[in-house]
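Close look at the chain arrangement
These are the residues of each chain, in order.
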Amino acid sequence: MQDHILPGDPPVAVSLRRSARARRLSLRISGTDGRVTLTLPLRARLGDGLAFLQEREGWLRDHLAQAPSLIHPAFGGTIPFEGRDLLLCPAPIRAVRLDGDRLLLPPEPDRLPARLGAFLRGAARDRLATACDRHAARIGRRVTRLTLRDTRSRWGSCTTEGHLMFSWRLVLAPPPVLDYVAAHEVAHLERMDHSPAFWAVVGRICPGYEGPRNWLRAHGAALHRLRLG
């Protein structure tokens, strides 16, 4: 199905999808990226779906107005990094450099997103590799591979072969949050479930993990506000 544009100020793009599991029309706003999705049962008429959308327009616009705005990086603006705001500053340099609460970048606005993305992924890899190696050593296990992705549904994963995957966006969160997710996935090297025994392993290698875990539940969606494309 083609997407629909709800006219108004501003216009709102609405993704239309049909679902065999849907029993009624539903309208959803993603907490991750603010995308609006109208879901229709397989046999529902498109006209009925669009009429439902019109009826819910007031609710939709109210919720969109309250949603956190997306962050499009630009010189003079800020981005989250390790739980604090970094000011993006142009500088006569060739490589990105962290300077306290400033991030210095070569003064080329069109290349800023790509350079910023490379810096954030590099920082995430360094911090996650260090944390994973430390936690794995405590339980006598070994990480065989570490990869980074920009995932929406999970912050990390672990395979039985010892391959760990993480969202690079964890580097935007306070360091204890990144450390907790690293510990969580490393604990799966010993227990591939979420049983009490698994959480006992997490608690052993990451004491006090409940605080970072709750932070991620409450604020994790906001880490997706940063847009690099």
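Residues numbered from 1 in each chain as written. Predicted model: local features only at pLDDT ≥ 70, side-chain atom pairs only at ≥ 80, totals over all residues. Heavy atoms only, no water.

Going by the annotation in an unreviewed UniProt entry, the name recorded for the protein is M48 family metallopeptidase, with Rubellimicrobium roseum given as the source organism.

Along the protein, the regular secondary structure elements total 6 helices and 11 strands. In terms of principal-axis extent, the alpha carbons of the protein reach across some 60 × 50 × 30 Å. Counting over 229 residues, the protein shows a buried share of 44%. The contacts of the protein with a sequence gap of at least 6 include a subset with a gap of at least 24, amounting to 46%. Total accessible area on the protein is roughly 12,700 Å²; 50% of this is exposed by carbon and sulfur atoms. One way to put it: in the protein the 35 positive side-chain charges average out to a point 5 Å from where the 22 negative ones average out. (Helix = DSSP H or I, 4+ residues; strand = E, 2+ residues; numbered from the N terminus. Buried < 20%, exposed > 50% of the residue type's maximum accessible area, 1.4 Å probe, protein only. Contact = heavy atoms within 4.5 Å. Areas by Shrake-Rupley, 256 points an atom, 1.4 Å probe, with all protein chains shown as cover. Lys, Arg positive; Asp, Glu negative; His and termini not counted. Charge placed at Lys NZ, Arg CZ, Asp CG, Glu CD.)

In this section: helix H3 (residues 112-138). With 27 residues, H3 extends 39 Å from end C-alpha to end C-alpha; this agrees with the ideal 39 Å at 1.5 Å per step. In the stretch just after H3, Gly140 is the one whose phi turns positive, near 70°. (Expected span 1.5 Å × (residues − 1).)

As summarised here, the arrangement of the 4 strands in space is S1-S2-S4-S3, forming an open sheet in which the pairing is mixed. Since the sheet does not close on itself, it has two edges, and those belong to strand S1 (4-6) and strand S3 (26-29), each with one partner. Within this sheet the neighbouring strands show an average axis-to-axis angle of 30°, counted without direction. When S1 meets strand S2 (residues 12-19), the two strands line up antiparallel, connected through 3 bridges. If you follow Ile5 over to S2, its bridge partner there is Ala13. Together, S1, S2, S3 and strand S4 (36-41) form the strand contacts of helix H1 (residues 46-55), whose direction differs from that of S4 by roughly 140°. The strands touched by helix H2 (residues 57-66) are S1, S2, S3 and S4; relative to S3, the strand with the most contacts, the crossing angle is about 10°. (Pairing = 2+ DSSP bridges. Axes fitted to C-alpha atoms, helices over the stretch in contact; angles between N-to-C directions.)

Let's shift gears to H2. Regarding H2, the residues found buried are Glu57, Leu60 and Arg61. Down the axis of H2, the sector holding all buried residues measures 90°, keeping them to one side. Summarising the contacts, the buried residues of H2 are in contact with S1, S2, S3, S4 and H1. (Arc of directions from axis to C-beta.)

With that out of the way, let us pick up the packing of aromatic side chains. Taken as a whole and assessed by the stated rule, the structure comprises 4 aromatic pairs. Considering the side-chain rings of Tyr180 and Tyr209, the 6.0 Å spacing of their centres and the 15° angle between planes classify their relative orientation as stacked. One end of the pair, Tyr180, is in helix H4 (residues 175-187); the other, Tyr209, is in the loop between helix H5 (196-205) and helix H6 (210-219), and 29 residues separate them in sequence. Arranged with centres 5.4 Å apart and planes meeting at 20°, the rings of Trp199 and Tyr209 form a pair that is stacked. You can see Trp199 sitting in helix H5 and its partner Tyr209 sitting in the loop between H5 and H6, a full 10 residues away along the chain. Here Trp199 falls in the buried class, since its relative accessible area comes to 16%. Above the ring of Trp59, the side-chain terminus of Arg56 is found at 4.8 Å from the ring centroid. (Phe/Tyr/Trp six-rings, centres within 6.5 Å; stacked < 30°, edge-to-face > 60°. Lys NZ or Arg CZ within 6 Å of the ring centre and 35° of its normal.)

Glancing now at the environment of Arg142. Counting through the fold element by element, Arg142 comes out in the loop between H3 and strand S9 (145-149). Here the alpha-carbon distance between Arg142 and Leu223, two residues 81 residues apart in the chain, equals 29 Å. In contact with Arg142, other than residues within four places in its own chain, are Ala136 and Leu189.

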